[in-house]
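# Observations on the model geometry
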Amino acid sequence: MKGASSEAEKVRKLHHLRYERFKVQRRNDFSGPDNNDQWSKEESDEDYGRTIFIHHIHKRHRFLNPKRAFSSPFSNSSSAVPQPEDTETLHSNSRNQSTNSWSIYGKVVAKQRISNHSDEDEETEDGKPSESENGSMMNLKNRSIVRTGTTTKRGTGKVKTQWVCYDCGYTAGQWWGTCPSCNMVGTMKEFHEAKASDAVDSSKLRSGLSVSEDAVRTWLPQRSDQLQPVKLSEVNSGFNEKGWRFPLSGSFGDEVSIVLGGGLVPGSLNLVSGDPGVGKSTLLLQMAALIAEGCNGSGGEACPVVYVSGEESLQQIGHRANRLGIKSDIYLYSSTDIEDILRIAQSLPIRALVVDSIQTVYLKGIVGSAGGIMQVKECTSALMRFAKTTNIPVLLIGHVTKSGEIAGPRVLEHIVDVVLYLEGERFTSYRMLRAVKNRFGSTDELGVFEMSESGFQAVSNATEMFLTEQDPDSDVLVGLAFTVIMDGSRTFIIEVQALCLSQSPVGGSTSKVVNGVDINRANMIKCVLIKQAGLHIPSVHLNVVSGLTLTETAGDLAIAAAICSSFLEYPIPKGIAFIGEIGLSGELRTVPRIDKRVHALAKLGYKTCVVPKQAVKALGTEGLENIKIVGCKNLKEFINVVFSR
């Protein structure tokens with residue numbers, strides 16, 4: 001024990017001697033006219049502790065490498081005073097590096113502290129210096145001890161990731177298999193918000209509202225800081241409802257005006273969508289011509305319409321205009337930059353702006369390519385702000401997905417005022433313009449057009465456009481029945497065909513022999529006829545003429561009439577139509593707006609209409625003098641009345 005205590009005393013004395021030598025060395029380093037007060041006992045203790053720590057590391061290395069022996073961890077030479085821009089050597093011995101204790105670790109240097117931030121913003125990584133509380137950094141891997149300033153270059157922030165449902169626009173911070181808002185499966189799509197980087201300054205990242213505000217700031221009728229709340233009575237006073245909307249003349253314009261609710265509303269944002277090749281660009285080009293012609297015909301100054309296309313060249317648009325015979329005051333422009341489009345729009349006293357299409361334009365400073373979720377949302381917001389501020393209507397063209405829905409986020413449909421959908425079959429020339437959303441009118445209206453070489457033409461006889469030529473003396477017409485369906489406020493008379501066979505030659509399921517009728521509905525009507533009417537029907541083929549799909553229950557009675565006509569081989573006389581719904585017990589039920597359906601038949605010259613018995617009293621007699629109304633309670637009574645010899 002005595003030997004151990006003497007050994008400990010020797011070690012203590014050795015450390016004390018080293019500490020005294022170190023204080024002398026540090027006092028010499030800081031000696032000078034400007035550094036008298038820069039050294040203190042606390043700094044000496046701190047530096048000495050760091051030196052002892054490295055000395056123990058070196059001592060361990062000496063045990064691992066016996067050949068590398070050294071005499072002392074301290075240098076006998078004093079170092080020079082560092083320059084402001086240079087590093088300071090604390091311990092070095094250039095005359096004898098083989099015996100210098102610091103030779104295997106490199107030089108111990110200190111850099112000047114230059115700080116603009118606090119020491120709290122520090123980051124330690126493997127292979128990089130680790131900063132201590134006093135600002136010193138030790139990196140044994142680089143064989144240097146470096147004292148740096150507390151200024152650390154902040155890395156760019158993490159990119160914010162959001163998941164957006166493209167069906168309803170619901171936004172979440174994580175992915176969901178099923179949208180919590182609309183319960184649609186697989187509709188959550190990932191997108192990243194803009195981040196500040198060296199290439200894109202965060203101060204330059206703007207939303208669609210700020211861009212549109214900057215683009216039209218020199219042409220606003222009133223500044224936003226001048227807006228004041230206005231009483232409802234003051235707003236409605238002197239308001240002219242008839243002259244409020246832009247008139248669209250001609251049969252084509254009248255058909256479009258019906259769908260819009262009476263005309264184009266100033267300052268409205270309208271979206272027209274449809275399948276590829278259905279005629280969206282042609283429709284808006286004709287509408288732009290009517291808007292420009294209506295302005296010139298009013299006797300005032302010319303108010304042009306700007307048609308911007310991001311998909312076609314000016315020559316292609318001009319060729320279409322020549323084919324349609326358009327000679328109106330329309331300005332064509334090809335661009336995909338929203339700021340450029342709004343800059344052009346403000347340079348002319350335009351009456352309307354057409355953008356073809358919203359999926360091709362982009363906004364600078366917004367992350368994502370044209371057509372992305374963020375781009376479509378911000379571009380639409382910019383155009384909405386432009387329309388509301390300048391009171392100029394904007395018409396947009398929107399693409400659709402393979403499922404038939406409007407491409408882009410669902411918020412696109414929420415931003416716009418009017419959503420129009422142009423429908424049409426591939427093998428027919430008829431097109432139907434339907435209002436899916438309309439803030440200024442009803443969504444029950446429907447416009448019917450026919451596509452020709454000279455553009456869209458309004459269909460005058462839309463009620464009977466789905467009828468075919470028939471010969472009442474022909475046996476081929478067995479199994480043919482007529483009914484009236486409604487699409488919005490429009491009535492259409494359609495033709496239902498049925499073919500009954502004793503044995504189906506195709507040997508397939510019912511879905512292969514039913515066209516234009518819901519499969520479940522067709523099977524239900526067939527089963528009711530078998531059970532309630534006593535008809536043993538083996539196999540039935542059903543078809544709706546002109547490729548329509550019968551979705552209303554008003555056509556149930558016509559389907560049953562066509563099946564009975566084919567099964568009994570009894571042709572239905574010309575001029576008879578059937579309107580009604582069939583229940584599971586064989587009863588006949590009334591359908592909505594049956595009076596309007598019957599009046600449409602009377603105007604076309606039909607002689608007889610079979611309806612449910614409870615609807616006869618509700619119809620009345622006004623306007624139905626030339627048509628006979630037959631009421632039936634159930635299917636048995638219906639068969640006895642219609643198919644009696």
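Under an unreviewed UniProt entry, the name given to the chain is RecA family profile 1 domain-containing protein, and the organism recorded is Pisum sativum.

Our next topic: the overall build of the chain. Looking only at helices and strands, one finds 15 helices and 26 strands in the chain. For the chain, the proportion of its 645 residues judged to be buried stands at 43%. Pairs at least 24 residues apart make up 64% of the contacts formed inside the chain by residues separated by at least 6 positions. For the chain, the accessible surface area stands at approximately 35000 Å², while carbon and sulfur atoms represent 50% of it.

This part covers the sheet that holds strand S21 (residues 539-544). Within the open sheet, the four strands sit side by side as S18-S19-S21-S20. Their pairing is mixed. Two strands in the sheet have a free side with no partner beyond their single neighbour: strand S18 (480-487) and strand S20 (514-515). Relative to the sheet, helix H13 (residues 594-603) contacts S18 and strand S19 (490-501), its axis offset from that of S18 by approximately 125°.

Right, let's get into the packing of helix H8 (residues 338-347) against helix H9 (residues 373-390). Relative to each other, H8 and H9 sit at 15°, their axes nearing to 11 Å. In terms of their interaxial angle, H8 and H9 are classed as roughly parallel. In this structure, H8 meets H9 at a crossing whose hand is right-handed. Taken together, the residues of H9 that come into contact with H8 (itself represented by Ile338, Leu342 and Ala345) are Cys379, Ala382, Leu383 and Phe386. Grouping the amino acids of the contact of H8 with H9 by side-chain chemistry returns seven nonpolar, no polar and no charged.

This part takes up the nonpolar core. If you look at the biggest cluster of nonpolar residues, it comprises 51 residues, and the most contacted ones within it are Leu529, Ile563, Phe578, Val610 and Phe638. What phenylalanine 578 contacts, discounting residues up to four positions off in sequence, is Ala481, Phe482, Thr483, Val484, Ala554, Leu557, Ala558, Ala561, Ile572, Val610, Phe638 and Val642.

So, on to the sheet that holds strand S10 (residues 305-309). In spatial order, the strands read S11-S10-S12-S13-S9-S14-S15-S16-S17; together these nine strands make up an open sheet with mixed pairing. Strands with a single pairing partner mark the edges of an open sheet, and in this sheet they are strand S11 (330-334) and strand S17 (455-458). On average, each strand axis in the sheet is tilted by 25° relative to the strand beside it, whichever way the strands run. Both strand S9 (residues 269-274) and strand S13 (residues 394-398) contribute to a ladder of five bridges, which runs parallel. Note that in S13 the partner of valine 272 across the bridge is isoleucine 397. Across the face of the sheet, helix H5 (residues 250-260) comes into contact with S9, strand S14 (418-424), strand S15 (430-438), strand S16 (446-452) and S17 while running at roughly 145° to S16. In the packing of helix H7 (residues 314-324) onto the sheet, contacts are made with S10, S11 and S17, and the angle to S11 comes to roughly 150°.

What follows covers the pairing of S15. Two strands pair when backbone bridges link them, and S14 and S15 are joined in this way by seven bridges, in the antiparallel orientation. Paired with tyrosine 421 across the strands is arginine 434, a residue of S15. The antiparallel hairpin formed by S14 and S15 contains five residues in its connecting segment. Inspection of the sheet shows S15 paired to S16 by five bridges, in the antiparallel sense. When the sheet's bridge partners are listed, methionine 432 is paired in S16 with valine 448.

Peptide bonds are mostly trans, and most non-glycine residues show a negative phi. Note that the residue after aspartate 356, namely serine 357, is joined by a cis bond; omega there is 5°. Position of serine 357 among the secondary structure elements: in the loop between strand S12 (352-356) and H9. Phi is positive for asparagine 391, close to 60°, though the residue is something other than glycine. Locating asparagine 391 in the fold gives a position in the loop between H9 and S13.

Once that is clear, we can look at the confidence of the model for the chain. With 68% of its residues at a pLDDT of at least 70, the chain reaches an overall mean of 75. Mean pLDDT values over the elements of the chain span from 37, in strand S5 (residues 144-147), up to 96, in strand S23 (residues 581-582). Overall, residues 56-155 carries pLDDT values under 50, and its contacts beyond four positions in sequence, including any with other chains, amount to 148 contacts. In this model, residues 218-222 is a region of pLDDT below 50 whose contacts with residues beyond four sequence positions or in other chains number twelve contacts.

A word on the state of the cysteines. Here the structure, examined in full by the defined rule, presents zero disulfides. Among the cysteines around cysteine 564, which has no disulfide bond, cysteine 500 carries the closest sulfur, lying 8.1 Å off. For cysteine 564, a relative accessible area of 0% translates into the label buried.

Let's shift gears to the packing of aromatic side chains. With the rule as written, the count across this model stands at seven aromatic pairs. For the ring pair tryptophan 244 and phenylalanine 440, a centre distance of 6.2 Å and an interplane angle of 85° mean the geometry is edge-to-face. Of this pair, tryptophan 244 sits in the loop between helix H4 (232-236) and H5 while phenylalanine 440 sits in the loop between S15 and S16, placing them 196 residues apart in sequence. Connected via pairs of aromatic rings, a cluster forms that spans Tyr570, Phe578, Phe638 and Phe643. Directly above the ring of phenylalanine 246 sits arginine 351, whose terminal nitrogen or CZ lies 4.0 Å from the centroid.

What follows concerns H8. Where H8 is concerned, the buried positions are Ile338, Glu339, Asp340, Ile341, Leu342 and Ala345. Of the residues flanking the start of H8, the one acting as N-cap is aspartate 337, its side-chain oxygen 3.2 Å from the backbone nitrogen of glutamate 339.

This part is about H5. Of all the residues in H5, the buried ones are Phe252, Gly253, Glu255, Val256, Ser257, Val259 and Leu260. Two residues or fewer after H5 comes glycine 261, characterised by a positive phi angle close to 100°.

Enumeration according to the criterion identifies 13 salt bridges in this entry. A salt bridge links aspartate 556 to arginine 521, with the nearest nitrogen and oxygen atoms 2.4 Å apart. With aspartate 556 in helix H12 (residues 556-568) and arginine 521 in helix H11 (residues 519-532), this pair connects stretches of sequence that are 35 residues apart. Taking the relative accessible area as the measure of exposure, arginine 521 reaches 22% and is therefore partly exposed. One continuous salt-bridge network, built from bridges that share partners, spans Lys388, Asp417 and Arg439.

Rules of the game
- Residues numbered from 1 in each chain as written.
- Predicted model: local features only at pLDDT ≥ 70, side-chain atom pairs only at ≥ 80, totals over all residues.
- Heavy atoms only, no water.
- Helix = DSSP H or I, 4+ residues; strand = E, 2+ residues; numbered from the N terminus.
- Buried < 20%, exposed > 50% of the residue type's maximum accessible area, 1.4 Å probe, protein only.
- Contact = heavy atoms within 4.5 Å.
- Areas by Shrake-Rupley, 256 points an atom, 1.4 Å probe, with all protein chains shown as cover.
- Pairing = 2+ DSSP bridges.
- Axes fitted to C-alpha atoms, helices over the stretch in contact; angles between N-to-C directions.
- Parallel < 35°, antiparallel > 145°, perpendicular 65-115°, else oblique.
- Left-handed = near helix turned anticlockwise from the far one by under 90°.
- Nonpolar A, V, L, I, M, F, W, Y, C, P; charged D, E, K, R; others polar.
- Core = buried A, V, L, I, M, F, W, Y, C linked by side-chain atoms within 4.5 Å.
- pLDDT = per-residue confidence, 0-100.
- Disulfide = S-S within 2.5 Å.
- Phe/Tyr/Trp six-rings, centres within 6.5 Å; stacked < 30°, edge-to-face > 60°.
- Lys NZ or Arg CZ within 6 Å of the ring centre and 35° of its normal.
- Polar contact = N/O pair within 3.5 Å; in protein donor to acceptor, adjacent residues only side chain to side chain.
- Salt bridge = Lys/Arg side-chain N within 4 Å of Asp/Glu carboxyl O.

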